[in-house]
2 protein chains.
Amino acid sequence: MITVNDLRAHPLDQVHRLIEPGPVILISTEHRGVPNVMTNGFNMMVRHAPPVIACTVGPWDHSYTALVETGECVISVPTSELAATVVDIGNCSGADIDKFERFALTAVHGEVVRAPLIAECFANIECRVADTSLVGSHHLFLLQPVAAWTDPSRPTPQMLHHRGDGTFTVDGPVLDLQERMTKWQYLL
Amino acid sequence: MITVNDLRAHPLDQVHRLIEPGPVILISTEHRGVPNVMTNGFNMMVRHAPPVIACTVGPWDHSYTALVETGECVISVPTSELAATVVDIGNCSGADIDKFERFALTAVHGEVVRAPLIAECFANIECRVADTSLVGSHHLFLLQPVAAWTDPSRPTPQMLHHRGDGTFTVDGPVLDLQERMTKWQYLL
């Protein structure tokens, strides 16, 4: 059985390194003992530290009720190997099937929230709902990461970026421009 | 002189194809006749149609006052060739220099807003501020795209994704999984 002890704790003030690149993500929830997971391409980093993440989840998503009623979720960042599964998770509903079973996802108990981490994803971020003031008008949730984990066995994960039409770009070459970054406060 | 007539009008209900992949963007403004531009890695698509984009701009950004007072901006999506310029734009202030002149950016008149498009970017989205309710607490602006343009001379642009530490990934291979996308409503 995989536990968080098999993962590496990721500093909360470095969560932006997982989200700012713009990956498609999975959002898992647990509601009345039933885990579920959805695919999400509409998300962003809002603040570095303490970290805040925004994402859209609407009433048409089966996960919506779980997110609203429990106030908790886990954001998982998949890599390119999971591309087909990421699409399939997004094209069926937890109202109809157990997606963890159907897609052979390994649920891992988190440290803080009840929603499951996903062992097949290289990063997992346990979150609590922090602000719902734009949920009614825009289905926009603000989430506060409360624990984060990465898989030490995958040092060079390649994220997936949804191009909005069922095609995805995989991370390509890395450009290191750190020497030019002298005044961080402007690059929020 | 380059005008919007040299660009291709991009349908507003397809703006998500420019933002959902998670690129680092430029945000240009015009305030009291002075154009300015900043780099931004914290942004997302909020709604497909009519489109809404969210981004963070804080009081520490010189562009903040322009955005608040004019209620307008242009989001420009740069490609990998502009990487060094994107970083440099993010590491100096419009309070000190004219960034369009300093970085030899070609300002193009938009069709709706006064903020300039940037000819060197493959996509430009004219926006109006739509909601400021989370600006006070989270510096989070919701923007309504009102016109969008792409450069027809660049059919295969490679976006840049900021990894949050001064390194960037460039778009790599494209995975086409459209055949698996049967129920769009779940992939928000």
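Just so you know, these numbers come straight off a predicted model, no measurement behind them. (Residues numbered from 1 in each chain as written. Chains lettered and ligands numbered in written order. Predicted model: local features only at pLDDT ≥ 70, side-chain atom pairs only at ≥ 80, totals over all residues. Heavy atoms only, no water.)

Moving on: the interface of chain A and chain B. With 64 residues of chain A at the interface, the matching set in chain B holds 64 residues. Buried area between chain A and chain B, summed over both chains or domains, comes out near 6400 Å², and the portion from carbon and sulfur atoms is 59%. Counting every contact that joins chain A to chain B gives four salt bridges. The partner of arginine 180 of chain B in a salt bridge is aspartate 88 of chain A, and the shortest N-O contact between them spans 2.7 Å. Where chain A meets chain B, there are 27 residue pairs in polar contact (both at pLDDT 80 or more). Counting residues per element, the side of chain A that touches chain B draws most heavily on strand S12 (residues 167-176) of chain A, which supplies 10 residues. Among the residues forming the side of chain A that touches chain B, the class breakdown is 28 nonpolar, 24 polar and 12 charged. In the sheet, S12 of chain A pairs with strand S12 (residues 167-176) of chain B via seven bridges, with the strands oriented antiparallel. When the bridges of S12 of chain B are listed, leucine 175 of chain A appears paired with phenylalanine 168 of chain B. (Contact = heavy atoms within 4.5 Å. Buried area = accessible area lost by both parts, 1.4 Å probe. Salt bridge = Lys/Arg side-chain N within 4 Å of Asp/Glu carboxyl O. Polar contact = N/O pair within 3.5 Å; in protein donor to acceptor, adjacent residues only side chain to side chain. Helix = DSSP H or I, 4+ residues; strand = E, 2+ residues; numbered from the N terminus. Nonpolar A, V, L, I, M, F, W, Y, C, P; charged D, E, K, R; others polar. Pairing = 2+ DSSP bridges.)

Residue and element names in this part refer to chain A. Turning to its location among the elements, threonine 132 is positioned in strand S9 (residues 123-134). Looking at threonine 132, the relative accessible area reads 46%, which means it is partly exposed. When the C-alpha positions of threonine 132 and leucine 143 are compared, they lie 9.1 Å apart, and in sequence the two are 11 residues distant. (Buried < 20%, exposed > 50% of the residue type's maximum accessible area, 1.4 Å probe, protein only.)

Glancing now at the relation of the copies chain A and chain B. For these two chains of identical sequence, chain A goes onto chain B by a turn of 180 degrees and a shift of 0.0 Å along the axis, with RMSD 0.0 Å. Read as a symmetry element, the transformation amounts to a two-fold axis. Most of the interface of chain A is mirrored in chain B: 100% of its interface residues are interface residues there too. (Least-squares fit on C-alpha atoms with pLDDT ≥ 70 in both.)

Of all eight residues in helix H3 (residues 83-90) of chain A, six are buried; the element is thus mostly enclosed. Buried within H3 of chain A are the following residues: Ala83, Val86, Val87, Asp88, Ile89 and Gly90 of chain A. Those residues of H3 of chain A hidden inside the fold are in contact with strand S2 (25-31), strand S3 (34-40), helix H4 (99-102), strand S11 (160-162) and S12 of chain A together with S12 of chain B.

Let's shift gears to the pairing of strand S6 (residues 72-77) of chain A. Residue and element names in this part refer to chain A. Most of S6 is tucked away: six of the six residues are buried. Residues of S6 alternate between two faces, with Glu72, Val74 and Ser76 on one and Cys73, Ile75 and Val77 on the opposite face, all of them buried. Bridge count between S2 and S6: three bridges; the pairing is antiparallel. Across the sheet, residue leucine 26 finds its bridge partner in S6, namely serine 76. Two strands pair when backbone bridges link them, and S6 and S9 are joined in this way by six bridges, in the antiparallel orientation. By the bridge assignment, valine 77 is partnered in S9 with alanine 123.

As a further point, take the sheet that holds S11 of chain A. Spatial ordering of the open sheet is given by S11(A)-S12(A)-S12(B)-S11(B), a layout of four strands whose pairing is antiparallel. The strands lining the two open edges of the sheet, one partner per strand, are S11 of chain A together with strand S11 (160-162) of chain B. In this sheet, neighbouring strand axes are inclined to one another by 45 degrees on average, regardless of whether the strands run parallel or antiparallel. The pairing of S11 of chain B with S12 of chain B spans three bridges and is antiparallel. (Axes fitted to C-alpha atoms, helices over the stretch in contact; angles between N-to-C directions.)

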